[in-house]
Amino acid sequence: MKQPCSRNTPARHPGHLEALRSEQAEAFDRDGYLVVPGLCPDPICDRILEDVQEALSPVLGPAEFEADLGYPGAPPDRGAKGGDTPRRLLHAYARFPPLRPWLTGAEVQGYLQALLGSENVALSQCHHNCIMTKYPNYSSTTLWHQDVRFWSFQRPELVSLWLALGEERAENGALQVIPGSHSKAFPAELLDDALFLRTDVPESRALVDQAITVELNRGDALFFHCRTLHAARKNQTDRVKLSAVFTYHEQDNRPVPGTKSAQYASIAL
Ligand SMILES: O=C(O)CCC(=O)C(=O)O
């Protein structure tokens, strides 16, 4: 069942949209994430899904496979059973044109301006920028982490947009977040060498106890801060879960030259 939502209402009432956004921006500042039900209209989801399905059978590169990352539950290598299970279709902005007008359009832009507190927003092509796939049988568990570990920007102020292309529930590996974790400082002893949260430490367990599962329906969007701790379990259903994930930053928050974050130019909105 689709959750009740205010789809399209904000676009018809710009003043209302502004008020709604400032309330939502406050919630985002407090919690480090924000769910916007129905942000992507059904016809756009349909078009994106059409292209994504085509790119998955057979898998068209560039892609990342579960076995490449070796997260808990992943096949040990690409030659093992399930070793050809994809985890991400990469360079989604470039390869899926139906996504582009939505990702850079006025509605998404308005949210990002409110959440980043800036008129001048850009979409990174270097991280995320992908279709996340979570397959039955061979998907893995993603341990607790902050995405800031992937990025080298002048300021650790980036916002990711996670678009559900189908239902996301605990059973199929919906994202879990720890509200407020984006504004906490974590002592180095709480993180392992790969910057995942060490859950064997009592202080971390207290944090993880506050986790919530972000259940989404098709077309719902989750915005989350790059310092928000998040994790996800395996998909225990018999249907693949598909989500589109992108990251935005202020235009004057530049990637550090020579790093992976500076590999491709950002798209100014
Ligand atoms: O769906 C998942 O397993 C979580 C993915 C994630 O958090 C990431 O790739 O940063």
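Residues numbered from 1 in each chain as written. Predicted model: local features only at pLDDT ≥ 70, side-chain atom pairs only at ≥ 80, totals over all residues.

**So, the overall build of the chain**
Of the regular secondary structure elements, the chain holds eight helices and 13 strands. Compactness check: the chain gives a C-alpha radius of gyration of 18 Å against a globular reference of 18 Å for 269 residues, within 12% of the reference. Overall, the chain is about 55 × 45 × 40 Å in size when its C-alpha atoms are taken along their principal axes. Among the 269 residues that make up the chain, the fraction classed as buried is 39%. Here the contacts in the chain between residues at least 6 apart in sequence split such that 83% fall between residues at least 24 apart. (Helix = DSSP H or I, 4+ residues; strand = E, 2+ residues; numbered from the N terminus. Rg over C-alpha atoms; globule rule 2.2 N^0.38 Å. Buried ≥ 20, exposed ≤ 12 C-beta atoms within 10 Å, placed from the backbone. Contact = placed C-beta atoms within 7 Å.)

**With respect to the confidence of the model for the chain**
This prediction gives the chain a mean pLDDT of 91; 93% of its residues lie at or above 70. Confidence drops under pLDDT 50 across residues 1-13; counting only partners more than four residues distant or on other chains, this segment forms 10 contacts. (pLDDT = per-residue confidence, 0-100.)

**Focus on the environment of P75**
With respect to the secondary-structure elements, P75 resides in the loop between α4 (66-69) and β3 (86-89). In this structure, the C-alpha to C-alpha distance between P75 and S139, residues 64 residues apart in sequence, is 8.4 Å. The residues touching P75, leaving out its near neighbours within four places in the chain, are E66, A67, A80, K81, G82, G83, T85 and Y138.

**Brief notes about helix α3 (residues 42-56)**
Here α3 is 15 residues long and its end C-alpha atoms lie 21 Å apart, about the 21 Å a rise of 1.5 Å per residue gives. Buried within α3 are the following residues: C45, I48 and V52. In an axial view of α3, the angular spread of the buried residues amounts to 70°, which keeps them on one side of the axis. Structural note: α3 exposes P43, E50, Q53 and E54 on the side pointing more than 90 degrees away from its buried face. In this fold, the buried residues of α3 make contact with β3, β5 (130-134) and β12 (241-250). (Expected span 1.5 Å × (residues − 1). Arc of directions from axis to C-beta.)

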